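Report on the structure
This is what each chain is made of:
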Amino acid sequence: MHNAEIAAAFRELGTLYELDGANRFRVLAYRDAARTIAESPVPVGELARAGRATELEGIGDTIQEKIVALLDEGEIPAARKLKQRLPATLVELTRLPGVGAKTVRRIYDETGIATLEGLRAAAAAGELSGLRGLGPKFEQNVLAALDRIEAEGDGERRLLSDVREIGAELVAGLRSHAAAGEVILAGSARRWADTCKDIDIVATASDPTALAHALIGHDLIGEAGNPSANGVRARTHNGIAVDLRIVPAAELGNLLQHLTGSAAHNVKLRERAQRMGLSVSEHGIAEIEGDAVTRCADEAGVYARLGLDYIEPELREGRDEISLAERGELPELVTVADIRGDLHCHTTLSDGRNTLAEMAAAARDRGYAYLAITDHSATHGFGDDVQAGDLLRRVDEVAAYNAEHGSRRFRLLAGSEVNIGADGGLDYPDDVLERLDWVIASVHTSFRMSKRRMTDRIVAAVRHPLVSCLGHPTGRLLLRREPYDLDVDAVIAAAAEAGTMIEINGNPSRRDLGDRHARLAAEAGVPIVCTTDAHRTRTLANMDFAVATARRAGLSAKQVANTRTWAQLRKLL
DNA sequence: GCCGTTTTCGGCCCGACTGTTTTCAGTCG
């Protein structure tokens, strides 16, 4: 059973307990455990069986036992018992925005309503406003929320690339307003998370209410709440929630820190502050015994007041960044400026949109010293396959390009993205691969294999002496396709032993390796390569996403191989 | 249910907003 399924079971259990009226901290404990499980880069089921899941934060003996029971019985016994007392469909009702467990339970107790359809009918008939604490406004909100979910889905997450694009447009629109001071994109988009649920914007303004109105007036905004001097909440036409918060410049650092999150990071920060006798909020850092309040114009001031080094947004996920900051041991994160070349791109020879010369020119424009041309291999299919003869001609074309345009400042590398066959074999004979500067091995077929077979298959490719790098190792497509069933630990161990590099693919749908696995790989000594997998000149810019993932993994420039010159990188191979 | 620079018991981040109330509970991020 995968971490995601285990986590879902504990989220459900938390809600069932909440509906049952359990202590709210117990509910929180299940939610925290679910988050830890979903976040873990290692299979928590296996850990629990080995009695080691309690090493994870927020998982004690009780939850570990429940994980094992879930694996053995397909269900958590406590959840089964609760579902005998309460309809399981009540859990769905709590997912309606503005409708929580307390409200769902009261409605169920007083009317017997337990389904979304039942709730809609009762709200439409005005049957809920008779209940204590619920009025006509509540019924309107329920109907609106149901309509929105039907039209747009359940507050679904979106790719970071989509959210950053819309966020940047909104920020630019606000900055152009006469009342605007600072306007900054915050939240998960600022942390460069894989996916985002909403857009958070932090601002200062000479006339805050006017700036809040300016957001509502933006072309992208469809609906909005009540604007005030504190900001406004709104929603884009395509359904993304937008939260604008406005504060005096003297508190901008406090608010930016607060709204950048993550929630887990802020909770840990505030718990630590409490131990120091301090209370942290978006308005300042207050002494618990006393009146002094520290307001910070910038974030560095917030962390400094708490005795911490500045923590980059990409690291603020509530993992170990606070203890590292406390000890002055935060890594110096790799930046896009450190990257000296891209090692994964396609041209019109396979499925790319631009020619070799166009890709080379775009790479030079980005200031790169090298670009590896890595078109798909012989069995790629889709009419985009590159037979061995075509590839060898391409090697000559690369040599010709370098002879004519190459210099110490820039050169092309002859490469290939070679399919890994179902048996772990590669798509070209060794004497062809030997002609290449750079070989990426990737899986593009037969995704649904057993974990054992898929792991053996990829480990075999990683151990091949002519393979430089493993491409998009888990095959995940964010929000679209689950990763292959794969023992990532075993692949990392094999790469470390064989001296094979592993890619962080910067296609915003991939980000593969993901940040947590990339950290494990780097800790195992595997050189990481940040690439774009660009299929056109424009997407060479996706290096931002690859590097962001590396930063979220806590990687320094030294751990990213393509911060080196090509001559230095070659020595690592 | 978890956890320990005060603790194996007694706490558990903090505030904004909403709708319903006559001072606050519920929900959310």
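**Concerning the packing of aromatic side chains**
Under the defined criterion, the tally for this structure stands at 8 aromatic pairs. On the numbers, 5.3 Å between centres and 10 degrees between planes, the contact of tyrosine 17 with tyrosine 30 is stacked. A residue pair is termed long-range when its members are at least 10 positions apart, and tyrosine 17 in helix α1 (residues 3–19) and tyrosine 30 in helix α2 (residues 24–39) qualify at 13 residues. Neither residue differs from the other here; tyrosine 17 and tyrosine 30 are each classed as buried. Both rings, one in tyrosine 401 and one in phenylalanine 410, keep their centres 6.5 Å apart while their planes meet at 80 degrees; by these two values the pair is edge-to-face. The pair tyrosine 401 / phenylalanine 410 is uniform in exposure class, with both members buried. For arginine 164, the ring lying beneath its charged end belongs to tryptophan 192, and the centroid distance is 3.8 Å. It is arginine 481 that lies over the ring of phenylalanine 447; its NZ or CZ is 4.2 Å from the centre.

**Description of the side chain of asparagine 542**
Among the secondary structure elements, asparagine 542 is positioned in the loop between β17 (528–531) and α23 (543–552). When neighbours within four sequence positions are excluded, asparagine 542 is seen to be in contact with Gly506, Asn507, Pro508 and Thr532.

**Observations regarding the sheet that holds strand β16 (residues 501–505)**
Strand order in the open sheet formed by 7 strands is β11-β12-β13-β14-β15-β16-β17, with parallel pairing between adjacent strands. Edge strands, defined here as strands with exactly one partner in the open sheet, are β11 (341–342) and β17. Two strands pair when backbone bridges link them, and strand β13 (residues 411–419) and strand β14 (residues 438–442) are joined in this way by 5 bridges, in the parallel orientation. Residue pairing across strands places glutamate 417 opposite isoleucine 440, the latter belonging to β14. Packed on one face of the sheet, helix α17 (residues 356–365) meets β12 (370–373) and β13 and runs near 150 degrees to β12.

**Quick look at the packing of α1 against helix α5 (residues 77–85)**
Between α1 and α5, the shortest axis-to-axis distance is 10 Å and the interhelical angle comes to 40 degrees. When the axis of α1 is compared with that of α5, the two are oblique. Relative to α5, α1 is oriented so that their crossing is left-handed. For the pair α1 and α5, contact is made by Glu12, Leu13, Leu16 and Tyr17 and by Ala78, Ala79, Leu82 and Lys83, respectively. Each residue belonging to the contact of α1 with α5 can be placed in one class, and the counts come to 6 nonpolar, no polar and 2 charged.

**A few points about the pattern of salt bridges**
Applying the stated criterion across every chain, the model contains 39 salt bridges. The partner of arginine 394 in a salt bridge is glutamate 397, and the shortest N-O contact between them spans 2.8 Å. Residue arginine 394 and its partner glutamate 397 are located together in helix α18 (residues 388–405), separated by 3 residues, close to a single helical turn. What you see here is one network of salt bridges that share partners, running through Glu39, Arg191, Glu317, Arg319, Asp515, Arg516 and Arg552.

**Quick notes on the domain arrangement of chain A**
Along its sequence, chain A is carved into domain 1 (3–152), domain 2 (158–246), domain 3 (263–327) and domain 4 (336–570). Domain 1 and domain 2 are separated by 30 Å when their C-alpha centres are compared.

Procedures and definitions
Residues numbered from 1 in each chain as written. Chains lettered and ligands numbered in written order. Predicted model: local features only at pLDDT ≥ 70, side-chain atom pairs only at ≥ 80, totals over all residues. Heavy atoms only, no water. Phe/Tyr/Trp six-rings, centres within 6.5 Å; stacked < 30°, edge-to-face > 60°. Helix = DSSP H or I, 4+ residues; strand = E, 2+ residues; numbered from the N terminus. Buried < 20%, exposed > 50% of the residue type's maximum accessible area, 1.4 Å probe, protein only. Lys NZ or Arg CZ within 6 Å of the ring centre and 35° of its normal. Contact = heavy atoms within 4.5 Å. Pairing = 2+ DSSP bridges. Axes fitted to C-alpha atoms, helices over the stretch in contact; angles between N-to-C directions. Parallel < 35°, antiparallel > 145°, perpendicular 65-115°, else oblique. Left-handed = near helix turned anticlockwise from the far one by under 90°. Nonpolar A, V, L, I, M, F, W, Y, C, P; charged D, E, K, R; others polar. Salt bridge = Lys/Arg side-chain N within 4 Å of Asp/Glu carboxyl O. Domains from an automatic or database assignment.

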